[in-house]
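Examining the three-dimensional arrangement
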Amino acid sequence: MQKILVTGASGFIGSSLVDRLLQEGYDVVAGIRKTSSREYLQDKRIKFIDLPYNRPKELSDILKDENFSTIFHLAGITKAKKQLDFERINFEYTKSLIDSIKGLETKLIFFSSFAACGEGEEINFSPKKVTDPNTPNTGYGKAKLKAEEYLKDNFENYIILRPTGVYGARETDYFVYFQTINNHLEPYLGYVPQRLTFVHIDDLVEVCLLSMKSKIKGKIYFVSDGNVYFDTEFAKITKEVLGKRTIKLKFPLFIVSWISSFMEFLGKIMNRTFTLNKDKYNILKARNWNCDIDNLKEDLGFEPQTDLRKGVEKTIKWYKDEKKLK
Ligand SMILES: NC(=O)c1ccc[n+]([C@@H]2O[C@H](COP(=O)([O-])OP(=O)(O)OC[C@H]3O[C@@H](n4cnc5c(N)ncnc54)[C@H](OP(=O)(O)O)[C@@H]3O)[C@@H](O)[C@H]2O)c1
């Protein structure tokens, strides 16, 4: 039986991937920390490992001994107390992992992000392609891009996935938006409509399996459901699924920028991270998050199964079943 490592297994995407790999009968090792939650990692078949990213020799010995056929590297942060944390965790840890598997047969599937290439242009609103120049404008995106580049230069057997906004059961950031609509408020940031892309967790996990099983290597893929949605459409679908009427609230971008700077300042004082911060502002202010997934469909045979309406229905059902939404 093939032995697979999932780093960041305690997280939203990692835990969902672990479930699917177990269903398919793989031998799954979950890379987590001593402090990580095991709420979604209760299956008795899961083995656990705390990887010493800071101790390269030890990390290398462990990975050689385990000889994983595939490693999904998801451990990373999307919000940081200090910008340097993006560099340390999203780049340095990934570099350490890559250095430790050099010379092994292991396939590495690295979770980068749409943020690594930055948002699309706002004249024709064409979708971003993997061949377009990368212009990340967030600390998060810059560190992910640096990790992508190190991987391309130092290892052959890899696939880089750049998911767009991932949502579904267990997710906590879009959940704040669903709660807001559930509370009869419909916020918009800026006056120009935003073009958004999404991928439901089940489709993303399917892409992980296709990437693992494929002989293809050395490629980068955006991952979305293949559609583009205006922010108004996302709100409309959410309202209909929740059965709620709302009051529209439009915030000019300069106010969002002030609030984001204030939240970042507060985060530093309180030594914690908030959903809104300066990095997040750069993502929220961009109007074009459309991406092209033609190469993902052609190379890996990916056929998205869950469009936004179906995905929001499934997701809200989960929040309701879990009593997280009334
Ligand atoms: N969610 C999205 O929309 C999205 C989109 C594009 C790309 N991605 C990427 O996909 C990956 C997973 O995202 P997610 O949404 O599942 O995030 P998540 O729920 O926040 O999970 C992050 C995982 O990384 C681990 N981690 C964080 N800091 C770590 C550290 N210093 N050492 C070791 N492990 C650490 C966390 O462990 P603890 O539980 O111990 O904190 C957790 O298991 C990330 O690399 C993210 O950048 C996510």
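Above this text sits the structure in question.
Everything numeric in this text was worked out from a predicted model, so none of it was measured. Per chain, residues are indexed from 1 in the order of the written sequence. Totals for whole chains, interfaces and linings use every residue, but because this is a predicted model, local features are given only for residues with pLDDT of at least 70 and side-chain atom pairs only at 80 or more, for both listing and counting.

Remarks on the overall build of the chain
Runs of H or I in DSSP of at least four residues are treated as helices and runs of E of at least two as strands, each being numbered from the N terminus. Counting its regular elements, the chain contains eleven helices and 13 strands. Reported as C-alpha extents along the three principal axes, the dimensions of the chain are approximately 60 × 45 × 35 Å. In the chain, buried positions account for 41% of the 326 residues. Of the contacts formed within the chain by residues at least 6 apart in sequence, a portion of 79% connects residues at least 24 apart. Once C-beta atoms are placed from the backbone, each residue is buried if 20 or more other C-beta atoms lie within 10 Å of its own, exposed if 12 or fewer, and partly exposed for counts between those two. Residues are treated as contacting if the C-beta atoms built from their backbones sit within 7 Å of each other.

Regarding the environment of tryptophan 258
Relative to the helices and strands, tryptophan 258 is located in helix α8 (residues 253–270). Between the C-alpha atoms of tryptophan 258 and tyrosine 281, which are 23 residues apart in sequence, the distance is 9.5 Å.

A short note on the sheet that holds strand β11 (residues 219–223)
The seven strands lie next to each other as β3-β2-β1-β4-β5-β6-β11, forming an open sheet whose pairing is parallel. Of all the strands in the sheet, just β3 (47–49) and β11 have a single pairing partner and so form its edges. Ignoring strand direction, the axes of neighbouring strands in this sheet form an average angle of 20°. Strand direction decides the pairing type here: strand β1 (residues 3–7) and strand β2 (residues 27–31), joined by five bridges, are parallel. Residue pairing across strands places isoleucine 4 opposite valine 28, the latter belonging to β2. A pair of strands counts as paired when DSSP detects no fewer than two bridges linking them. Whenever a helix is involved, its axis is fitted only over the stretch in contact; in every case the axis is a line through C-alpha atoms, and angles between N-to-C directions fall within 0 to 180 degrees.

Describing the site of the ligand
We call a residue near a molecule or strand if the C-beta atom, set from the backbone, is within 6 Å of it. Neighbouring residues of the ligand: 22 residues in total, closest Gly8, Gly11, Ile13, Ser36 and Gly76. Elements with a contribution of two residues or more to the shell around the ligand: α1 (12–23) and β7 (165–167). When residues are sorted by character, Ala, Val, Leu, Ile, Met, Phe, Trp, Tyr, Cys and Pro go into the nonpolar class, Asp, Glu, Lys and Arg into the charged class, and all the rest, Gly among them, into the polar class. Split into classes, the residues belonging to the shell around the ligand amount to ten nonpolar, eleven polar and one charged.

Describing unusual backbone geometry
Positive phi is not limited to glycine here, since phenylalanine 125 has a value of about 55°. Secondary-structure assignment places phenylalanine 125 in the loop between β5 (107–111) and α4 (139–154). Owing to 12 C-beta atoms within 10 Å, phenylalanine 125 belongs among the exposed residues under this scheme. In this structure, histidine 184 takes a positive phi of about 70° despite not being glycine. Among the structural elements, histidine 184 can be located in the loop between α5 (173–182) and β8 (185–189). You can call histidine 184 exposed: it has 12 C-beta atoms within 10 Å.

Points about the pairing of β2
Consecutive side chains of a regular strand alternate in pointing toward one face of the sheet and then the other. Counting buried positions along β2 yields four of five residues, so the element is predominantly enclosed. With α1 bridging β1 and its parallel neighbour β2, the resulting β-α-β unit is right-handed. Here a crossover is taken to be right-handed if, once the strands point away from the viewer, the path from the first strand over the helix to the second is traced clockwise.

Considerations on the environment of glutamate 122
Structurally, glutamate 122 can be placed in the loop between β5 and α4. Separated by 73 residues in the primary sequence, glutamate 122 and arginine 195 have C-alpha atoms spaced 9.9 Å apart. Excluding residues that lie within four positions of it along the chain, glutamate 122 makes contacts with Arg287 and Asn288.

Considering the packing of α1 against helix α6 (residues 201–213)
Axis separation between α1 and α6 bottoms out at 10 Å; the angle between their running directions is 60°. For the element pair α1 and α6, the recorded crossing hand is right-handed. On the side of α1, the interface is formed by Ile13, Ser16, Leu17 and Arg20, while α6 contributes Ile201, Leu204, Val205, Cys208 and Leu209. In terms of residue class, the contact of α1 with α6 is built from seven nonpolar, one polar and one charged. Crossings are assigned a handedness: left-handed for a near helix turned anticlockwise from the far helix by less than a right angle, right-handed for a clockwise turn.

Regarding the pairing of strand β4 (residues 70–73)
The side-chain alternation of β4 yields two buried faces, one formed by Thr70 and Phe72 and the other by Ile71 and His73. Where β1 lies against β4, four bridges are found, and the strand directions are parallel. Paired with threonine 7 across the bridge in β4 is histidine 73. As for the winding sense of the linkage, the β-α-β connection from β4 through helix α3 (residues 83–101) to β5 is right-handed.

A closer look at α3
Each helix should span, by expectation, one fewer than its residue count multiplied by 1.5 Å. The terminal C-alpha atoms of α3, which comprises 19 residues, lie 27 Å apart, in line with the 27 Å expected from a rise of 1.5 Å per residue. Helix geometry: α3 is bent most strongly at glutamate 92, by close to 25°. Summarising the contacts, the buried residues of α3 are in contact with α2 (56–66), β4, β5 and α4. Immediately downstream of α3, the backbone of glycine 103 shows phi near 90°, a positive value. The term bend refers to the angle at a residue between two fitted axes, each drawn through seven residues, those ending there and those starting there.

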